[in-house]
Amino acid sequence: MTEKILVPIDMADQKTGLKTIAEGVMQAKARQGELIVMTVVPDILAGLDWRYAIRGETGGSEEYDLKAIVKEALTQLNKIVSEQTPSGMKVKTIARHGTAYEEILNVAKDIGATMIVLGAHRPALSDYLIGPTAARVVRHAECSVNVMRQN
């Protein structure tokens, strides 16, 4: 069975994302596995017109074409991955839309991930009260999780 290393990155925090991809590459090489890099477009988009939410319309307006936003995220992710991974390495990319920790866990289960390499920021007080994405992934993942701390 081929090991599958899932590396979710936050496109808004590329410094941590690059560090996390580098660790994922090392893990995939060490395990002779496949690297899968993903990103999640957040469920609530900044700037979404509140009138749509009140009426229960989640699609937004033409200005906020969710499919186009996810496609653009995948394009950007592919660019980053091609620059950060060695040629010849088997790498897949995935862009999803939703709640970050839920989508990470869903993809991990869908692909049969054997390890998740996840970046994490230094916790703030609010993180102890509501729980950051990394903590939720660690608690609920069905595979090993390697959390990369930001320095």
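The numbering scheme is per chain: residues are counted from 1 as the chain's sequence reads. Only residues with pLDDT of 70 or above have their local features reported here, since the model is predicted, and side-chain atom pairs are shown and tallied only from 80 upward, although totals for entire chains, interfaces and linings are computed over all residues. The side-chain quantities take in all heavy atoms of the structure and omit both hydrogens and water.

Asker: An account of the nonpolar core is needed here, citing residue identities and associated values.
Answerer: The definition of a nonpolar core used throughout is a set of buried Ala, Val, Leu, Ile, Met, Phe, Trp, Tyr and Cys residues joined through side-chain atoms within 4.5 Å. Relative accessible area decides the class of each residue, using a 1.4 Å probe on protein chains only: under 20% of the type maximum gives buried, over 50% gives exposed, and in between gives partly exposed. Grouped together as the largest cluster of nonpolar side chains are 18 residues, with contacts concentrated most on Leu6, Met38, Ile104, Ile116 and Val137. Numbered from the N terminus, helices here are DSSP runs of H or I no shorter than four residues, and strands are runs of E no shorter than two. Those elements that place two or more of their residues in this core are β2 (34–42), α4 (100–111), β4 (115–120) and α6 (133–140). With five residues, α4 is the single largest residue contributor to this core. Within the second largest apolar cluster, 15 residues are counted, among which are Ile21, Val25, Ile80 and Val117.

Asker: Talk me through the layout of surface pockets; I want residue IDs and the actual numbers.
Answerer: There is about 620 Å³ of room inside the largest pocket. If you go around the largest pocket, you meet 27 residues; those closest to its centre are Ile9, Asp10, Met11, Ala100 and Thr133. Broken down by secondary-structure element, the contributors of at least two residues to the lining of the largest pocket are β1 (4–9), α1 (14–31), β2, α4, β4 and α6. With four residues, the top contributor of residues to the lining of the largest pocket is β2. Grouping the amino acids of the lining of the largest pocket by side-chain chemistry returns 15 nonpolar, nine polar and three charged. Of the two site types, the cavity is a set of points on a 1 Å grid over the protein atoms alone where a 1.4 Å probe fits but cannot get out, and the pocket is an open set with protein on both sides within 12 Å along at least five of seven lines, each lined by residues with an atom within 4 Å of a point. Grid points are joined across faces, edges and corners, and a volume is the space filled by probe spheres set on the points. Classification convention: Asp, Glu, Lys, Arg as charged; Ala, Val, Leu, Ile, Met, Phe, Trp, Tyr, Cys, Pro as nonpolar; all other residues, Gly among them, as polar.

Asker: Tell me about the pattern of salt bridges, and name the residues and values.
Answerer: Counted as salt bridges are all cases of a side-chain nitrogen of Lys or Arg within 4 Å of a carboxyl oxygen of Asp or Glu. Evaluation of the coordinates by the stated rule reveals six salt bridges. The salt bridge involving Arg96 is made with Asp110; its shortest N-O contact spans 3.4 Å. Of the two residues, Arg96 is situated in strand β3 (residues 91–98) and Asp110 in helix α4; the sequence distance between them amounts to 14 residues. In this structure, the salt-bridge partner of Glu142 is Lys109, at a minimum N-O distance of 3.8 Å. Residue Glu142 is found in the loop between α6 and β5 (144–149), and its partner Lys109 is found in helix α4; the two are separated by 33 residues along the sequence. For the pair formed by Glu142 and Lys109, the shared burial category is exposed. Here the salt bridges do not stand alone but share partners, grouping Arg96, Glu103 and Asp110 into one network.

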